[in-house]
Amino acid sequence: MTYQKDFTTTYTINGHEYTVTAPALFDSNTNELIPDKELDDKAAEIARQQYRNDMGLVTPKDLKEYRAKLGISQRNLAELTGLSPNTVALYESGAFPTTANNKLLKSLINNDEVLRQYMINDSKNYSTELVAKVDRYFQNEDSVVGVEKENPRYTAVQLANWFRVENYFERELDLNIEPVTQMKVIKLLYMAYGRYLAKTRNKLFSSPIIHMQYGPVVTEVHDKFKCLTVLDHDKPSKEAMDDYTTVSQDNEISELLDNVNQCYINYNAARLSKLTHQPGSPWNMTPDRMIIKDQLIFDTFSRGIES
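For every chain, the first residue of its written sequence is number 1, and the numbers climb from 1 along that sequence. Restriction of local features to residues with pLDDT of at least 70 applies here, the model being predicted, together with a cutoff of 80 or more for giving and counting side-chain atom pairs; totals for whole chains, interfaces and linings are based on all residues. The basis for every side-chain value is the complete set of non-hydrogen atoms in the structure, without hydrogens or water.

Caption draft 1: Examining the overall build of the chain more closely. From N to C terminus, the chain includes 15 helices and five strands. C-alpha atoms of the chain, sized along the principal axes, occupy 70 × 65 × 30 Å. Within the chain, the proportion of its 307 residues that are buried is 45%. If you sum the accessible surface of the chain, you get close to 16,200 Å²; carbon and sulfur atoms cover 49% of it. Distance between charge centres in the chain, computed from 35 positive and 43 negative side chains, equals 3 Å. Each helix is a run of H or I in the DSSP string that is no shorter than four residues. Each strand is a run of E no shorter than two, and both are numbered from the N terminus. Summary of the burial criterion: residues with accessible area below 20% of their type's maximum are buried, those above 50% are exposed, and those between are partly exposed, where the area comes from a 1.4 Å probe applied to protein chains only. Accessible surface is estimated by sampling points in the Shrake-Rupley manner with a 1.4 Å probe; for residues, cover comes only from the protein chains shown. Working convention for charge: Lys and Arg count positive, Asp and Glu count negative, and His plus the chain ends are omitted. Here the site of a charge means NZ on Lys, CZ on Arg, CG on Asp, or CD on Glu.

Next up, the structure:
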């Protein structure tokens, strides 16, 4: 048996000492400290962050938020700065940047005019993808590079209602299937949105998707059902049934929703959150309460990664 309690450790980083008090794991019988990778890594990261603060170093969070703001990938940032993709990945994983690289990255993060000057001086040396992404950032647009201009055929609520009614029919056939929750429907919509965006370069629906604590949240659906956890204990409303009929007549969209539903039929909202919370996911790269950029979703789902 084991237990946790606060433990104080001193770390030495490049000649600087940092004393950290954080939870650690102890043996219940001997009361001796025992190794625990997760807790030990968290304590060490506190010391590493203190070192970053003292040295004025950019943090992994700084880099991820900057990329999210611009809607660019790690490879795009490497191209922009002249660093290798591996170096950018290492910095986002916690490695300390060199003095020169830190100065370069901080100048970009802290001043958009530096970025603008980069594009004026060197745009001919950058890929068309990077140039288009930065141009869209300066134009304050959130759309995929080369995006088509087809308007969404349905609202997010109509598509959510499709999932609600499909769940009702599934429960009619199998009593072991649980009524769908608002959070699972939202996550299924996010998965469908990503697949559709990657395939067609069009938005599946127009509602913004924002970073919230439990994952990407489709605002229109969240606002519609914000007082509910389980959406339907019994038969869904007439409005939901009508929306289901309407969407089901669209072969392309109904097939998309059905494929997503079947892929994740055995997942609950918590298990889906483990996918969307992965390091480097669009949710992970976006600051709290901010809109998740389409470009981030497109880049991720285009690689066959659903997170």
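Caption draft 2: Local environment of the nonpolar core. Side-chain atoms within 4.5 Å link the members of a nonpolar core, which is a set of buried Ala, Val, Leu, Ile, Met, Phe, Trp, Tyr and Cys residues. Residues Leu159, Leu189, Leu204, Phe205 and Val221 are the most contacted members of the largest nonpolar core, which totals 46 residues. Considering each element in turn, this core owes the most residues, ten residues, to helix α9 (residues 182-200). Discounting chain neighbours no more than four positions away, the residues touching Leu189 are Ala156, Leu159, Ala160, Phe163, Phe205, Val218 and Val221. Core analysis: the next-biggest nonpolar cluster, separate from the first, contains 20 residues, Leu105, Met119, Val134 and Tyr137 among them. Whether two residues are in contact is decided by their heavy atoms, any of which lying within 4.5 Å being enough.

Caption draft 3: A look at the pattern of salt bridges. Salt bridges, as used here, are contacts in which a Lys or Arg side-chain nitrogen is within 4 Å of a carboxyl oxygen on Asp or Glu. This model, assessed by the stated rule, comprises 18 salt bridges. The closest approach of N and O atoms between Arg52 and Glu45, which form a salt bridge, is 2.7 Å. You can call Glu45 partly exposed: its relative accessible area is 31%. For Arg153, the salt bridge is made with Glu150, and the minimal N-O distance between the two is 3.6 Å.

Caption draft 4: Structural view of the packing of aromatic side chains. Pairing of aromatic rings covers Phe, Tyr and Trp, the last through its six-membered ring, and needs centres within 6.5 Å; plane angles under 30 degrees mean stacked, over 60 mean edge-to-face, and all others mean tilted. Inspection of every chain in the model, using the stated rule, returns twelve aromatic pairs. Ring geometry for Tyr193 and Phe205: centres 4.8 Å apart, planes at 50 degrees, overall tilted. On the criterion of sequence distance, the pair formed by Tyr193 in helix α9 and Phe205 in the loop between α9 and β4 (209-212) is long-range, its members being twelve residues apart. Judged by its relative accessible area of 2%, Tyr193 falls in the buried class. In textbook terms, an aromatic cluster arises when at least three aromatic residues are bridged by ring pairs, as seen for Trp162, Phe163, Tyr168, Phe169 and Tyr244. Taking NZ or CZ as reference, Arg48 lies 4.3 Å from the ring centre of Phe96, over its face. Over the ring of Tyr267 we find Arg271, and its NZ or CZ is 3.7 Å from the ring centre. Our definition puts a charge over a ring when NZ of Lys or CZ of Arg is within 6 Å of the ring centre and also within 35 degrees of the ring normal.

Caption draft 5: The arrangement of the sheet that holds strand β1 (residues 2-13) in detail. At least two bridges found by DSSP between two strands is the condition for calling them paired. Across the sheet, three strands lie side by side as β1-β2-β3; this open sheet has antiparallel pairing. Unpaired on one side and paired on the other, β1 and β3 (33-34) mark the two borders of the sheet. The sheet contact formed by β1 and strand β2 (residues 16-27) spans twelve bridges and is antiparallel. Directly across from Thr12, in β2, lies its bridge partner Glu17.

Caption draft 6: Quick peek at the side chain of Ser207. Mapped onto the elements of the fold, Ser207 is located in the loop between α9 and β4. Think of a polar contact as two N or O atoms within 3.5 Å of one another; within protein, one of them needs to be a possible hydrogen donor and the other a possible acceptor, and neighboring residues in sequence only count if both atoms come from side chains. Among the polar contacts listed, one links the side chain of Ser207 to the side chain of Thr219, at a separation of 3.0 Å. Among the polar contacts made by the side chain of Ser207, one reaches the main-chain amide nitrogen of Glu220 at a distance of 3.0 Å. Beyond its immediate chain neighbours, meaning those up to four positions away, Ser207 contacts Ala156, Val218, Thr219 and Glu220.

Caption draft 7: Up close: the pairing of strand β5 (residues 215-218). Inspection of the sheet shows β4 paired to β5 by four bridges, in the antiparallel sense. The residue of β5 that forms the bridge with Ile210 is Val217. In this antiparallel pair of consecutive strands, β4 and β5, the connection spans two residues.

Caption draft 8: The arrangement of helix α3 (residues 74-81) in detail. If you check which residues of α3 are buried, you get Asn76, Leu77, Ala78, Leu80 and Thr81. A positive backbone phi angle near 85 degrees is found at Gly82, which sits one or two residues after α3.

Caption draft 9: Looking closely at the packing of α9 against helix α15 (residues 294-302). In contact at an axis separation of 8 Å, α9 and α15 are set at 80 degrees when each is read in the N-to-C sense. Considered as vectors, α9 and α15 are oriented roughly perpendicular to each other. Contacts between α9 and α15 involve Tyr190, Met191, Tyr193, Gly194, Arg195, Leu197 and Ala198 on the former and, on the latter, Asp294, Ile297, Phe298, Phe301 and Ser302. In this count, Pro and Cys sit with the nonpolar residues alongside Ala, Val, Leu, Ile, Met, Phe, Trp and Tyr, while Asp, Glu, Lys and Arg are called charged and the others, Gly among them, polar. Its residues assigned to classes, the contact of α9 with α15 comprises eight nonpolar, two polar and two charged. Interaxial angles span 0 to 180 degrees and are taken between N-to-C directions of axes, which are lines fitted to C-alpha atoms, for helices over the stretch in contact. Throughout, the term roughly parallel applies to angles under 35 degrees, roughly antiparallel to angles over 145, roughly perpendicular to angles from 65 to 115, and oblique to all others.

Caption draft 10: Summary view of the side chain of Glu92. Structurally, Glu92 is set in helix α4 (residues 85-93). A polar contact of 2.6 Å, which involves the side chain of Glu92, links it to the side chain of Arg67. Excluding residues that lie within four positions of it along the chain, Glu92 makes contacts with Pro60, Leu63, Lys64, Arg67 and Gln74.

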